[in-house]
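This is what each chain is made of:
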Amino acid sequence: MLKYQKVLELDDELYQFHLRQKGYYMLQEIVHFIYKVYFKNEMVGLIDYQLGYRFSMIHDDKCIWIGLFLVDESYQRKGFGKEILNKVVKKYGDFYNRIQLACIRDNFKGLVFWKKMGFKEIATSSYCNLEVIIFEKKI
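Residues numbered from 1 in each chain as written. Predicted model: local features only at pLDDT ≥ 70, side-chain atom pairs only at ≥ 80, totals over all residues. Heavy atoms only, no water.

Student: What's the story with the packing of aromatic side chains in this structure? I'm lost.
Tutor: Each aromatic ring pair is specified by the distance between its two centres and by the angle formed by the two planes. In the structure shown here, the tally under the stated rule is 14 aromatic pairs. Summarising the aromatic geometry, the rings of F39 and Y75 are spaced 6.3 Å apart at their centres and angled 70 degrees between planes, so their arrangement reads as edge-to-face. Taken together, the residues span a long stretch of sequence, with F39 in strand β1 (residues 32-39) and Y75 in the loop between β3 (58-71) and α3 (80-92) at a distance of 36 residues. Given the relative accessible area of 33%, F39 is considered partly exposed. Pairing F113 with W114 gives two aromatic rings, centres 4.8 Å apart and planes at 75 degrees, and the pair type is edge-to-face. (Phe/Tyr/Trp six-rings, centres within 6.5 Å; stacked < 30°, edge-to-face > 60°. Helix = DSSP H or I, 4+ residues; strand = E, 2+ residues; numbered from the N terminus. Buried < 20%, exposed > 50% of the residue type's maximum accessible area, 1.4 Å probe, protein only.)

Student: Quick question: what am I supposed to make of a negative patch on the surface here?
Tutor: Together, E9, D11, D12 and E13 make up a negatively charged patch on the protein surface. Relative to the assigned elements, D11 resides in the segment before α1 (12-20). (Patch = residues over 30% accessible without salt bridge, like charges linked within 9 Å, V, L, I, M, F, W, Y side chains within 5 Å. Areas by Shrake-Rupley, 256 points an atom, 1.4 Å probe, with all protein chains shown as cover. Salt bridge = Lys/Arg side-chain N within 4 Å of Asp/Glu carboxyl O. Lys, Arg positive; Asp, Glu negative; His and termini not counted. Charge placed at Lys NZ, Arg CZ, Asp CG, Glu CD.)

Student: What exactly am I supposed to notice about the nonpolar core here?
Tutor: Taken as a class, soluble globular proteins show a tendency for nonpolar side chains to be buried jointly. In terms of nonpolar packing, the biggest core is built from 25 residues, with Y49, I64, I66, Y92, W114, F119 and F135 touching the most fellow members. Breaking this core down by element, the ones donating at least two residues are β2 (42-54), β3, α3, β4 (98-104), α4 (108-116) and β6 (130-138). Apart from the residues within four sequence positions on either side, I64 is in contact with Y49, Q50, L51, Y53, V88, Y92, Y96, R98, I99, Q100 and I139. (Core = buried A, V, L, I, M, F, W, Y, C linked by side-chain atoms within 4.5 Å. Contact = heavy atoms within 4.5 Å.)

Student: It is not clear to me how α4 should be interpreted in this structure. Could you clarify?
Tutor: Along α4, the residues that are buried comprise G110, L111 and W114. Down the axis of α4, the buried side of the element spans an arc of 100 degrees, and every buried residue falls inside it. Residues of α4 that are exposed and point over 90 degrees away from its buried face: F108, K109, V112 and K116. Following α4 by one or two positions, G118 has its phi on the positive side, about 95 degrees. (Arc of directions from axis to C-beta.)

This is how it looks when you write it as structure tokens:
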């Protein structure tokens, strides 16, 4: 029988497990990309996105799905999130016409950020017993 333990802080066991998951980071075959973002040689963010995918697990050649978007708390509200997003738009804007993502309803900073970036709520769903809002932005 499986046992579950809520993660309350990062520890060595979690870090070592993460390092063993090499297959996840090899999904970069054309459509899945994960980038660490640096400022002055310090990692300040991470973006994980997939091309040709949209909400409800439907293939869509014109959509980008952001699966994970993180900016270090000490670098938030300094323009880094906007710059990371703009880099994706600049890189793919000629080939894709929208970006979608899910944001946990209780993530108030995230909700404010995505709305400020011009994303509109298009649906609600749930993920691991958490209510999420699906956002979309035309590019």
